[in-house]
Amino acid sequence: MNNSLELLPVKIYSDETNELAEEVARVIAEDIERNNALGKHTVLALDTGNAVLDVYRELVALHEANKIDFANTMVFNLYEYYEISKGHPFSVRKFIEDGLLNKINVKQENIHLLDSTIPEAKMDEYTKKYDDTIKALGGIDILLLGVGNMGHMGLNGPASPPDAKTRLVNLDKWALISSIPDFSEFKFIPKRGLTMGIPNIFDSKRVLFIATGDHKAEVVRKTVEGSVTSDLLVTHFQRNPNATVYIDEAASSRLTQTLTPWFVCSVDWTLVSNRARAVCHLSEELQKPISELETRDFLQYSLQTLIKQYPIEVLTKEVMSMLGKKIVSQSELPRGKKVIIFSPHPDDDIISMGGTLLKLVANGNSVHCIYMTPGTNAVFDHEVEKFLFNRVNFARSINDEDMLRKDQEHYDRVMKFLKEKSESKFGMKDTDDVKLIKKLIRQGEGVSTCSFCNVDGYEFLDPPLYRSGKSKKNPLSKEDIDIVWDVLVRHQPDLVYAAGDLTDPNGTHRLCLRAITKAFEKYGEGSKPELWLYRGAWQEFHPVDADIFVTMTKDDLLQKRDGIFRHQSQKDRPPQPGHSGKEFWQSSEERNLGTAKRLVGYGFEGLYAIEGFKLYRKECVLTEVINATLSLFLVH
């Protein structure tokens, strides 16, 4: 436990590595192997989600390395959608089987996954038996829990009484929203589900609480530092001495130890990043420019040790100088360089760094956009109908009978499937035809944006990590890394940009960045291009963490918006809307304007909007020699 405000043990891991999943899997493996050695069984309760799926993959890897034997492990799950078939691609059972159970040596008779097909008339009898089975086995030994934005445990939410048993429930608003990525459309989401009882969860002998992404930061703060309340069930884990919180840096962003560590522990003020973060926080809290901060301000916020080591005048000038050097205009951006922009989806580049992209092109750089996944999961079915209708109508308009016959056949076949899908209760996986059309729709929008930005070229990749056909992606493979490496070898770029916002709901950004950084390792110790991370679609860099702020005028922002609007399939209500519910252009502009507003609050004038970038380093920290690394990025 890092400080007196934390009421649960917390372990924080880098956003950009897989260490969190590796550590959680190691803990599970040690517990299971310890019980195996004693001739005891282990009761393992499993959840779902991207972070949990990463743990599954690490457990499979340990099993394949003969480091864990599941033969004496009893498996339960936290919830299941009601009336969904056991083999349905979006069922919880299918998620757990495909992700873990089908790849390890767990015995079939030891698998106790909630049965979604039990008739409602027999539900009370079934759920009581489920609870009794757990009790007879001695309770849950290990609970692997991925927590939702509202602190749900399975389908137990704020309205659930703490003594509620395993039961059939209605999905609340937040459970429905969190299910959208899997089912694509709200109408397909099951409205009821089976959920494990709360006492079984709370009484677990070991609780591994996992949360990743800045959208989980608030629920993490309340869980770790807040009071125990039924409005947030996970706070009750404060009463379980064997519960531990495993989070990434983004999810830790609202904890005191991250946001204002000087309140709870000693801080190494010799690091400029720590000094800058303290001064910026003080400026924001007091709504005072940095240059106007006074002794009493620092004392009020427990920063006396800072000003004891560094005089206020020196300190404030240092931070303003550091931040000021990061602010650049178009004239200071590179010229005549070969630039690659890796975009996880066909719109992340324009959403997150569209203003800078346009300036790089205007400066005469050779810019190529590389779209790393097709983005087909984010296209509504009605866009498919529109696409096919236009093809049929075009063939009819030019009186091409052969083209019309073929296009009409395609239209009829696809529309028949879409009708079946629409009339199905819980949706269906798209056929290859539908997936291809959705892919072409996203590609067409990407090409339109590239034309709008006047880039020199573009490529559409199709890595194995995206071929699951589901919102949950396949694990990163050697082929994924080799595909990225091939792009780097062919283009020989001077500069590479990649998405550094790792909190997208389906984990695509995280996997894509991992593929890029793994490919960069192939450069070895020799010369390599600089790798710059951009954000904007899902989160933004803190001003202290960013290395470059590219300024934008109001006209720049409007031009960027026009580029985003080329992605019409993502307008108004995209299938993957993110955590805010806003359109991507709105979220992007809000962040660009917000970063500029923060800098203006610090005392910088004349800033309208900002796109922030961070130079990728393995240690992922701001160093004292940052200016020495910017020679390629900036023109002096």
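Each remark here, short or long, concerns the structure printed above.
In this text, all values refer to a predicted model and were calculated from it rather than measured experimentally.

Student: Which residues make up the overall build of the chain, and what values do they have?
Tutor: Assigned secondary structure in the chain consists of 20 helices and 18 strands. For 636 residues, the compact-globule estimate of 2.2 N^0.38 gives 26 Å, and the C-alpha radius of gyration of the chain, at 26 Å, lies within 12% of that figure. Counting over 636 residues, the chain shows a buried share of 58%. The contacts of the chain with a sequence gap of at least 6 include a subset with a gap of at least 24, amounting to 78%.

Student: How would you summarise the packing of helix α9 (residues 272-286) against helix α12 (residues 312-326) if you had to cite specific residues and measurements?
Tutor: Where α9 contacts α12, the two axes come as close as 10 Å, and the packing angle between them is 100 degrees. In terms of their interaxial angle, α9 and α12 are classed as roughly perpendicular. Each of Val272, Arg275, Ala276, Val279 and Cys280 in α9 lies in contact with α12, whose residues at this interface are Leu315, Glu318, Val319, Met322 and Leu323. Considered class by class, the residues forming the contact of α9 with α12 number 8 nonpolar, no polar and 2 charged.

Student: Pulling in residues and values, what's your account of the layout of surface pockets?
Tutor: Left-over empty space is what a probe sized like a water molecule reveals as it rolls over the atoms. Each pocket or cavity is described by its volume, and for the second largest pocket that value is around 330 Å³. Lining the second largest pocket are 15 residues, with Leu113, Asp115, Tyr126, Lys129 and Tyr130 sitting closest to its centre. Of all the secondary-structure elements, those providing two or more residues to the lining of the second largest pocket are β5 (111-112) and α4 (123-136). With 5 residues, the single largest contributor to the lining of the second largest pocket is α4. Per-class residue counts for the lining of the second largest pocket are 6 nonpolar, 3 polar and 6 charged.

Student: Please give an account of the environment of Lys325 that cites residues and values.
Tutor: Along the chain, the position of Lys325 falls in helix α12. Residue classification places Lys325 among the partly exposed residues on the basis of a relative accessible area of 47%. Remark: the alpha-carbon pair of Lys325 and Asp547, spanning 222 residues in sequence, is separated by 9.0 Å.

Student: An account of the state of the cysteines is needed here, citing residue identities and associated values.
Tutor: Applying the stated criterion across every chain, the model contains 0 disulfides. Just so you know, Cys369 is unpaired, no disulfide at all, and the nearest cysteine sulfur is the one on Cys450, 4.2 Å from it. Taking the relative accessible area as the measure of exposure, Cys369 reaches 1% and is therefore buried.

Student: A description of the pattern of salt bridges should follow, citing residues and the corresponding values.
Tutor: A full pass over the atoms with the stated rule returns 45 salt bridges. Here Glu218 ties to Arg254 by a salt bridge, and the two come within 2.6 Å at their closest N and O atoms. One end of the pair, Glu218, is in helix α7 (residues 217-225); the other, Arg254, is in the loop between β10 (243-248) and α8 (256-259), with 36 residues separating them in the sequence. Residue Arg277 is joined to Asp545 by a salt bridge in which the shortest nitrogen-to-oxygen separation is 2.6 Å. In this pair, Arg277 sits in helix α9 while Asp545 sits in the loop between β16 (530-534) and β17 (548-552), placing the two residues 268 residues apart along the sequence. For Asp545, a relative accessible area of 28% translates into the label partly exposed. Through salt bridges with shared partners, a single ionic network connects Lys288, Glu294, Arg296 and Asp297.

Student: Pulling in residues and values, what's your account of the sheet that holds strand β4 (residues 79-81)?
Tutor: The strand order across the open sheet built from 3 strands is β4-β8-β7, with neighbouring strands paired in antiparallel fashion. The open sheet is flanked by β4 and β7 (167-170), the only strands paired with a single partner. Taken pair by pair, the neighbouring strands of this sheet meet at an average axis angle of 30 degrees, ignoring direction. Bridging between β7 and strand β8 (residues 192-195) involves 4 bridges; their strand directions are antiparallel. Residue pairing for β8: Asn170 is matched across the bridge by Arg192.

Student: Help me get a handle on helix α5 (residues 173-183), residues and values and all.
Tutor: Every buried residue of α5 is listed here: Ala175, Leu176, Ser179, Ile180, Pro181, Asp182 and Phe183. For α5, the elements touching its buried residues are β4. Two or three places before Trp174, at the opening of α5, Asp172 has a side-chain oxygen 3.2 Å from that residue's backbone nitrogen. Following α5 by one or two positions, Ser184 has its phi on the positive side, about 70 degrees.

Student: How would you explain the sheet that holds strand β3 (residues 73-77) if you had to name every residue and give the values?
Tutor: Reading across from one edge, β1-β10-β9-β6-β2-β3-β5 is the order of the 7 strands in this open sheet, with parallel pairing throughout. Because the sheet does not close on itself, it has two edges, and the strands there are β1 (10-13) and β5. In this structure, strand β2 (residues 42-46) lies alongside β3, joined through 5 bridges in parallel fashion. Bridging across to β3, Leu46 finds its partner in Asn77. Relative to the sheet, helix α2 (residues 50-64) contacts β2, β6 (142-146) and β9 (206-211), its axis offset from that of β6 by approximately 135 degrees. Across the face of the sheet, α4 comes into contact with β3 and β5 while running at roughly 145 degrees to β3.

Reading guide: rules and limits
Residues numbered from 1 in each chain as written. Predicted model: local features only at pLDDT ≥ 70, side-chain atom pairs only at ≥ 80, totals over all residues. Heavy atoms only, no water. Helix = DSSP H or I, 4+ residues; strand = E, 2+ residues; numbered from the N terminus. Rg over C-alpha atoms; globule rule 2.2 N^0.38 Å. Buried < 20%, exposed > 50% of the residue type's maximum accessible area, 1.4 Å probe, protein only. Contact = heavy atoms within 4.5 Å. Axes fitted to C-alpha atoms, helices over the stretch in contact; angles between N-to-C directions. Parallel < 35°, antiparallel > 145°, perpendicular 65-115°, else oblique. Nonpolar A, V, L, I, M, F, W, Y, C, P; charged D, E, K, R; others polar. 1 Å grid on protein atoms, 1.4 Å probe; cavity = no way out; pocket = protein on both sides within 12 Å on 5 of 7 lines; lining within 4 Å. Points joined across faces, edges and corners; volume = space filled by probe spheres on them. Disulfide = S-S within 2.5 Å. Salt bridge = Lys/Arg side-chain N within 4 Å of Asp/Glu carboxyl O. Pairing = 2+ DSSP bridges. Polar contact = N/O pair within 3.5 Å; in protein donor to acceptor, adjacent residues only side chain to side chain.

Read these as layout, nothing more, since geometry by itself doesn't imply function.
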